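# Tertiary structure, described
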Amino acid sequence: MRPTTGHWRREHLVRIGYDDGNYRRPELQWAQRNFVHAQMMVEDRYFYDPVKGQYTVDRYLDDLEARFGGLDSVLIWYVYPNIGIDDRNQFDLAHTMPGGLEGLRGAVQAFQKRGVKVFLPAKPWDHGTRDPGVSHWDGLAEIVKAVGADGINGDTFNGVPRAFPNRRSAPKSS
């Protein structure tokens, strides 16, 4: 006799110690209505005007609204295609965005002002570049906090360590 889908699901939820607490948190309810998400390349000329030297988030979003109705969230993809060209790691690439982290923070705020949540890339496999001197999660949490991003894109993970949210909000020790 074959187990039912319901049986399989219950068994696996028990195995992983599933807890739906995060899905019930009021501050995360937006994620259940996050239907249109774009992976945006930072080289997109609608996002940044190299002649003026400024981020053009409104231009980017206006274009997407005209073409297909807009976005709920965006992944600001600053890692590819640049990683591996030199020894800069994923965190260095964030710091070298135009205007540094402060410039990136301004772009994040412009998205958020228009109601678009912002995600940053997480690349734990980044081992062939300059050693950042911090753990992957500490380095990523520092950047997320510095730019005010809403979350991370963990497409290469089967989950995010429970310690990550604590690192994002915890004050740095001296």
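Before reading further, recall that the structure is shown in the block above.
Residues numbered from 1 in each chain as written. Predicted model: local features only at pLDDT ≥ 70, side-chain atom pairs only at ≥ 80, totals over all residues. Heavy atoms only, no water.

### Observations regarding the side chain of Asp92
Inspection of the secondary structure puts Asp92 in helix 4 (residues 90-95). Residue Asp92 is classed as buried on the basis of its relative accessible area, which comes to 16%. For Asp92, the side chain forms a polar contact with the side chain of Arg130, separated by 2.6 Å. Those residues in contact with Asp92 that lie beyond four places of it in its chain are Asp87 and Arg130. (Helix = DSSP H or I, 4+ residues; strand = E, 2+ residues; numbered from the N terminus. Buried < 20%, exposed > 50% of the residue type's maximum accessible area, 1.4 Å probe, protein only. Polar contact = N/O pair within 3.5 Å; in protein donor to acceptor, adjacent residues only side chain to side chain. Contact = heavy atoms within 4.5 Å.)

### Remarks on the sheet that holds strand 1 (residues 37-41)
In a beta sheet, neighbouring strands pair by backbone hydrogen bonds and run either parallel or antiparallel. On the basis of which strands lie adjacent, the open sheet formed by four strands has the order 1-4-5-6 and parallel pairing. Each edge of the sheet is formed by a strand with only one pairing partner; in this case those strands are strand 1 and strand 6 (151-153). Here the average twist between neighbouring strands, direction ignored, is 35°. Sheet topology note: the strand 4 (residues 73-77)/strand 5 (residues 117-121) ladder contains three bridges and is parallel. When the sheet's bridge partners are listed, Leu75 is paired in strand 5 with Phe119. Packing against the sheet, helix 5 (residues 100-113) makes contact with strand 1, strand 4 and strand 5, and its axis sits at approximately 165° to strand 4. Where helix 6 (residues 136-147) meets the sheet, it contacts strand 5 and strand 6, and its direction lies at approximately 150° from that of strand 5. (Pairing = 2+ DSSP bridges. Axes fitted to C-alpha atoms, helices over the stretch in contact; angles between N-to-C directions.)

### Observations concerning helix 3 (residues 57-68)
For helix 3, built from 12 residues, the straight-helix expectation of 16 Å at 1.5 Å per residue is met to within 8% by its first-to-last C-alpha distance of 16 Å. Where helix 3 is buried, its residues touch strand 1, strand 3 (54-55), strand 4 and helix 5. Backbone geometry just after helix 3 places Gly69 at a positive phi near 100°. (Expected span 1.5 Å × (residues − 1).)

### Digging into the nonpolar core
If you look at the biggest cluster of nonpolar residues, it comprises 36 residues, and the most contacted ones within it are Phe47, Tyr60, Val74, Ile76, Tyr78 and Phe111. Secondary structure elements with two or more residues in this core: strand 1, helix 3, strand 4, helix 4, helix 5, strand 5 and helix 6. With near-sequence residues (within four places) excluded, Tyr78 lies in contact with Val42, Gln90, Leu93, Ala94, Met97, Leu120, Pro121 and Ile143. (Core = buried A, V, L, I, M, F, W, Y, C linked by side-chain atoms within 4.5 Å.)

### So, the packing of helix 5 against helix 6
As a packed pair, helix 5 and helix 6 sit with axes 8 Å apart at the nearest point and diverge in direction by 60°. One way to sum up the angle between helix 5 and helix 6 is to call them oblique. Contact residues: Leu101, Leu104, Arg105 and Val108 in helix 5; Ile143, Lys145, Ala146 and Val147 in helix 6. Of the residues contributing to the contact of helix 5 with helix 6, the split by class is six nonpolar, no polar and two charged. (Parallel < 35°, antiparallel > 145°, perpendicular 65-115°, else oblique. Nonpolar A, V, L, I, M, F, W, Y, C, P; charged D, E, K, R; others polar.)

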